[in-house]
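# Chains, contacts and geometry: an overview
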Amino acid sequence: MSASAKIFQHNRGSNPVAQLLGELTEIYGSGAATQMVRYRAALDAFRAAYGPGPVHLFRAPGRVNLIGEHTDYNHGYVLPVALDRDVLLLARPRSDGQVRLANVEGDFTPRSFAVSDAIPSAVAGDWSNYARGPAQELTRLLGAPVPAFDGLVSAAPPFGVPRGAGVSSSSALTVAMAVAFAHFADWKWKGAEMARLCSDAEWYVGTRGGIMDQFIALLAERGHALFLDCRPDSAGNFRTRPIPLPAGYRLLVMDSGVRHTNTRNEFNQRVAACRAGVALLRREMPGITHLRDVENAEWTLLEAQLPEEVSVAQLRAGGVELGDLPNVPDDAPLRVRACCRHVWTENRRVLETLDALGSNDIPRVGSLLDDAHTSAAEDYRISTPELDALTVAARQIDGVAGARLTGAGWGGCVISLVPEAQVDEFATHVGRVYSRETGREATIFPCSAGPGAGLVTAVDV
Ligand code: NG1
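Below is a short write-up of the structure. (Residues numbered from 1 in each chain as written. Predicted model: local features only at pLDDT ≥ 70, side-chain atom pairs only at ≥ 80, totals over all residues. Heavy atoms only, no water.)

Quick look at the sheet that holds strand β14 (residues 443–447) now. Ordered by their spatial adjacency, 4 strands build an open sheet running β12-β13-β9-β14, and the pairing between neighbours is antiparallel. A single partner strand is all that each edge strand has here, and the edge strands are β12 (401–406) and β14. Direction aside, the axes of adjacent strands within the sheet are offset by 25 degrees on average. Here helix α11 (residues 362–378) sits on the sheet and contacts β9 (249–255), β12 and β13 (413–419); the angle it forms with β12, its principal contact strand, is near 35 degrees. (Pairing = 2+ DSSP bridges. Helix = DSSP H or I, 4+ residues; strand = E, 2+ residues; numbered from the N terminus. Axes fitted to C-alpha atoms, helices over the stretch in contact; angles between N-to-C directions. Contact = heavy atoms within 4.5 Å.)

So, on to the layout of surface pockets. Its volume calculated, the largest pocket comes out at about 1300 Å³. As for the largest pocket, its lining consists of 49 residues, of which Tyr130, Gly164, Ser169, Ser170 and His260 are closest to the centre. Of the residues in the lining of the largest pocket, the class split is 17 nonpolar, 21 polar and 11 charged. One number sums up the size of the second largest pocket: a volume of about 450 Å³. Lining the second largest pocket are 25 residues; nearest its centre among them are Tyr73, His75, Trp203, Gly209 and His290. Looking at the lining of the second largest pocket, the elements that each hand over two or more residues are α5 (191–205) and α7 (264–281). Ranked by residues supplied to the lining of the second largest pocket, first place goes to α7 with 5 residues. Taken together, the residues of the lining of the second largest pocket sort by class into 11 nonpolar, 7 polar and 7 charged. (1 Å grid on protein atoms, 1.4 Å probe; cavity = no way out; pocket = protein on both sides within 12 Å on 5 of 7 lines; lining within 4 Å. Points joined across faces, edges and corners; volume = space filled by probe spheres on them. Nonpolar A, V, L, I, M, F, W, Y, C, P; charged D, E, K, R; others polar.)

Within the secondary structure, Arg92 is located in strand β3 (residues 80–94). There is no salt bridge for the buried Arg92, and the closest opposite charge comes from Asp150, which lies 5.4 Å off by N-O distance. A polar contact is formed between the side chain of Arg92 and the backbone oxygen of Gly53, at a distance of 3.3 Å. Residues within four places of Arg92 in sequence aside, it is in contact with Phe46, Tyr50, Gly51, Pro52, Gly53, Pro54, Phe149, Asp150, Phe184 and Val461. (Buried < 20%, exposed > 50% of the residue type's maximum accessible area, 1.4 Å probe, protein only. Lys, Arg positive; Asp, Glu negative; His and termini not counted. Salt bridge = Lys/Arg side-chain N within 4 Å of Asp/Glu carboxyl O. Polar contact = N/O pair within 3.5 Å; in protein donor to acceptor, adjacent residues only side chain to side chain.)

Let's shift gears to the site of the ligand. Taken together, the neighbourhood of the ligand is formed by 17 residues, with Glu69, His70, Asp72, Asp213 and Ala408 sitting nearest. At 2.7 Å, a side-chain N or O of Glu69 approaches an oxygen atom of the ligand. Considering the ligand on its own, with 450 Å² of exposed area, one finds that the protein chains cover 94% of that surface. Of all the cavities here, the one that holds the ligand is the largest pocket. Classifying every residue of the shell around the ligand by side-chain character gives 4 nonpolar, 8 polar and 5 charged. (Near = heavy atom within 4 Å. Areas by Shrake-Rupley, 256 points an atom, 1.4 Å probe, with all protein chains shown as cover. Sits in = over half its atoms within 2 Å of the grid points.)

Bringing the side chain of Thr353 into the picture now. The topology assignment puts Thr353 in helix α10 (residues 336–358). Classification of Thr353 as buried rests on a relative accessible area of 0%. If near-sequence neighbours (up to four positions away) are discounted, Thr353 is found in contact with Ile67, Leu79, Val365 and Leu368.

Side chains bearing opposite charge may pair, as long as their charged atoms lie close to each other. If you walk through the whole model with that rule in mind, you get 28 salt bridges. Taking the shortest distance from any N to any O, the salt bridge between Arg404 and Glu69 comes out at 2.6 Å. With Arg404 in strand β12 and Glu69 in the loop between β1 (54–65) and β2 (77–78), this pair connects stretches of sequence that are 335 residues apart. With relative accessibility at 1%, the residue Glu69 sits in the buried group. When salt bridges that share partners are traced, they join Arg94, Asp96, Arg100 and Asp150 into one network.

Moving on, we come to the pairing of β3. Taken across its 15 residues, β3 has 12 buried, putting it largely inside the fold. Pairing analysis gives 9 bridges linking β1 to β3, with the strands arranged antiparallel. Looking at β3, one finds that Leu57 is bridged to Leu90.

Before going further, it helps to examine the packing of helix α3 (residues 129–142) against helix α4 (residues 169–184). Here α3 crosses α4 at 45 degrees, and the two axes come no closer than 8 Å. Here α4 runs oblique to α3, going by the angle between their axes. When the axes of α3 and α4 are compared, the crossing they make is right-handed. Along its contact with α3, which presents Tyr130, Ala131, Pro134, Ala135 and Leu138, the element α4 presents Ser170, Leu173, Thr174, Met177, Ala178, Phe181 and Ala182. (Parallel < 35°, antiparallel > 145°, perpendicular 65-115°, else oblique. Left-handed = near helix turned anticlockwise from the far one by under 90°.)

As a further point, take the environment of Phe149. Relative to the helices and strands, Phe149 resides in strand β6 (residues 148–154). For Phe149 and Arg38, which are 111 residues apart along the polypeptide, the C-alpha to C-alpha distance reads 22 Å.

What follows is the structure in structure tokens.
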């Protein structure tokens, strides 16, 4: 179990309400009283679905990424922060090997599957895949089927992780499931191993993503971002460092309300462009495996070897294979040079941001965030008019340090570092300008940098 994950054991002798409130205060701070209402409603729903008895409560947070976008699967650097919005999973073990899943949100209808050595995935898009994936990966790791459970998920707004908003709701669900299976299997997980397991579980679902979301969901510390070097060392360990968020600023999240749906193909095409870049650079630099390997090479030397645009079919004709990448058509145009430029420059920006945070040079942090947005929009082409409109509005307030899209892109959220005294003015201004420019409503909320996933407590219902 990670040192940062809080574990609270059920104490039958104590007052369960006071005990739970104490535990929620550790996790949510001043938000504990309202969380209590949510937790009690979830406990009632669990009892209604599965009957009275003991229940374990697990949680896993969503995240924003301060900087370092689409660098994780290139073995680069990232700087994510956990939200205090999370996925709550209530669970009770079952002895018959059947996992049963319910959800407080009606659009996720009940599901069930049997644990076994080989758990088949449900159809693409089925929410049970976020439980099947971790169950399968943990079964593989432990060499025996994991214990089954009755589970109820509570992740509805405003406490849950917004879905499709680039704040990692899918990873939060995967991690919550993995933490529950691990707990009932009595597997004492360590951060890196569990993060990898959860990342593999998401490959099971079909996205060829990286490990950032799982790491931050598991290892987050209150009040801190997490610097993560996504290149494992020879023993499979990753370098991580908690980074305090700057005093006097709030990290504000602006949800555009635009949801990315069916963008897995676009995502995998960006992965393909990066892999193509590595394959082409390998002709001159035979040892490289990821774009991270060329971080110290001159960009002008690299770009000369990278085509502006090439298709998978053209690459294959030239003897270049890109590996297992679902949903990347043969004729998809891969913008290899621009995508690699984004990754190469973004890695530098992450390291510069660390330096700037270390010396409390917040204006410098702001200009790096702005540059990161430009690179994401122009080189990686993952922005939208709505995200751009939010960044423009955010930068109009004096003292704001940067604005950039966060997460995969194609909708979702923008973040800004806002001086504490200007938070209200900022939210009013951005909300007004955004609805004038786009006809949409933005949801603006602070990122409270909460703690990582784990077992909250066990109680009787
Ligand atoms: P979101 O925004 O949660 O879809 C995805 C990937 C991350 C990372 C970011 C872009 C998954 C589960 N998540 O996050 O690993 O690549 O995009 O920086 O694949």
